[in-house]
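If you want the building blocks of each chain, they are given just below.
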Amino acid sequence: MLELAILGFLGEGPLHGYELKTRISQLAGYARPVSDGSLYPAINRLERAGLVSRQREPGAAAAPRHTLTLTGAGRAELRRRLREPAELDITDQNRFFTLLAFLEQVADPAAQAAVLERRLAFLDQPASFFYAGDRPQRAAEQEDRFRRGMLVMARAISRAEQEWLRETIAELRGPARAD
């Protein structure tokens, strides 16, 4: 998720490390803060792989700043990851939202729709946080009010997401699509 966010934000334009960290933190929200100990090693890995380049420039104070830019290979890798996301990028909500934040960088509506169709297929499968054997439990079956609340909220969120996915896929697949 972190590498995709780095590539995605740099796909929008060059950024200084602090700006990149701020944008990733805002995207991830309070639940997954980004530490320097995870961000800068990820940037270094991407730089060693030739996906990101770093230019040194004078800072506003005494310390120099580094501007990070996506290379041609980095742009190709970003598009590949967006077009062909790993299964976990589809099934994990936080990872999917990171993917969704940059999916516009794939210019092909059919490729965008294919990614959304994978997420919709996942959401259409019966699932729960709680199971009775192999069978997912429904909210009405849950005696614990807090667990029942989790299931009620999750179902509402899932329905809203499914509705948005269906509408967006229809727009992307439709013949009257306006660019």
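Residues numbered from 1 in each chain as written. Predicted model: local features only at pLDDT ≥ 70, side-chain atom pairs only at ≥ 80, totals over all residues. Heavy atoms only, no water.

Engineer: Sorry, what's going on with the overall build of the protein here?
Structural biologist: Summing up its helical and strand segments, the protein has eight helices and five strands in all. Helices and strands appear in the protein in the N-to-C order α-β-α-α-β-β-α-α-α-α-β-β-α. Taking the principal axes of its C-alpha atoms as reference, the protein extends roughly 60 × 45 × 25 Å. Here the protein holds 179 residues, and 34% of them are scored as buried. Sequence-distant contacts in the protein: of pairs separated by 6 or more residues, those separated by 24 or more amount to 54%. (Helix = DSSP H or I, 4+ residues; strand = E, 2+ residues; numbered from the N terminus. Buried < 20%, exposed > 50% of the residue type's maximum accessible area, 1.4 Å probe, protein only. Contact = heavy atoms within 4.5 Å.)

Engineer: How should I be thinking about the packing of aromatic side chains in this particular structure?
Structural biologist: What characterises a pair of aromatic rings is the spacing of the ring centres plus the angle enclosed by the ring planes. According to the stated counting rule, one finds two aromatic pairs in the structure shown. Judged by centre distance (4.9 Å) and plane angle (85°), the ring pair of Phe9 and Phe102 falls under edge-to-face. Taken together, the positions of Phe9 in helix 1 (residues 2-12) and Phe102 in helix 6 (residues 93-102) put the pair 93 residues apart, joining distant regions of the chain. Taken individually, Phe9 and Phe102 each receive the classification buried, so the pair is uniform in this respect. Centroid distance Phe129 to Phe130: 6.3 Å. Interplanar angle 65°. Geometry classified as edge-to-face. (Phe/Tyr/Trp six-rings, centres within 6.5 Å; stacked < 30°, edge-to-face > 60°.)

Engineer: Please explain the pattern of salt bridges as it appears in this structure.
Structural biologist: Side-chain pairing between opposite charges can occur once the charged atoms of the two side chains come close. Applying the stated criterion across every chain, the model contains 13 salt bridges. Taking the shortest distance from any N to any O, the salt bridge between Asp89 and Arg95 comes out at 2.8 Å. Among the residues examined, Asp89 registers a relative accessible area of 11% and is labelled buried. Here the salt bridges share partners, and the residues they tie into one network are Glu3, Arg45, Glu77, Arg80 and Arg81. (Salt bridge = Lys/Arg side-chain N within 4 Å of Asp/Glu carboxyl O.)

Engineer: Please clarify how helix 8 (residues 145-173) should be interpreted in this entry.
Structural biologist: Each turn of an α-helix holds 3.6 residues, which means side chains three or four residues apart point in the same direction. For helix 8, built from 29 residues, the straight-helix expectation of 42 Å at 1.5 Å per residue is met to within 8% by its first-to-last C-alpha distance of 42 Å. Every buried residue of helix 8 is listed here: Leu151, Ser158, Glu161, Gln162, Leu165, Thr168, Ile169 and Leu172. Where helix 8 is buried, its residues touch helix 6 and helix 7 (109-123). For helix 8, the N-terminal capping position is held by Asp144, with its side-chain oxygen 2.8 Å away from the main-chain nitrogen of Phe146. (Expected span 1.5 Å × (residues − 1). Polar contact = N/O pair within 3.5 Å; in protein donor to acceptor, adjacent residues only side chain to side chain.)

Engineer: How should the packing of helix 2 (residues 17-28) against helix 3 (residues 36-48) be read in this particular structure?
Structural biologist: When two helices pack together, their arrangement is given by the angle between the helix axes and by the axis-to-axis distance. At a minimum axis distance of 11 Å, the contact between helix 2 and helix 3 shows a crossing angle of 120°. Regarding helix 2 and helix 3, the two cross each other, and that crossing is right-handed. Of the residues in helix 3, those in contact with Gly17, Tyr18, Leu20, Lys21 and Ile24 of helix 2 are Asp36, Leu39, Tyr40 and Ile43. Across the contact of helix 2 with helix 3, the residue classes break down as six nonpolar, one polar and two charged. (Axes fitted to C-alpha atoms, helices over the stretch in contact; angles between N-to-C directions. Left-handed = near helix turned anticlockwise from the far one by under 90°. Nonpolar A, V, L, I, M, F, W, Y, C, P; charged D, E, K, R; others polar.)

Engineer: Would you take a moment to explain the sheet that holds strand 1 (residues 15-16) for this structure?
Structural biologist: The strands that make up a sheet pair up through hydrogen bonds in the backbone, lying either parallel or antiparallel. The strand order across the open sheet formed by three strands is 1-3-2, and the pairing between neighbours is antiparallel. Across the chains shown, the open sheet's two edge strands, defined by having one partner strand only, are strand 1 and strand 2 (52-57). With six bridges connecting them, strand 2 and strand 3 (residues 65-70) associate as antiparallel partners. By the bridge assignment, Gln55 is partnered in strand 3 with Thr67. (Pairing = 2+ DSSP bridges.)

Engineer: Could you clarify how one ought to interpret the nonpolar core in this entry?
Structural biologist: A general tendency of soluble globular proteins is for nonpolar side chains to be buried together. With 35 residues, the main nonpolar core has Ile6, Leu20, Ile24 and Leu82 as its most contacted residues. Where this core is concerned, the elements lending two or more residues are helix 1, helix 2, helix 3, strand 3, helix 4 (72-83), helix 6, helix 7 and helix 8. In contact with Leu20, other than residues within four places in its own chain, are Ile6, Phe9, Leu15, Leu39, Ile43 and Leu68. (Core = buried A, V, L, I, M, F, W, Y, C linked by side-chain atoms within 4.5 Å.)

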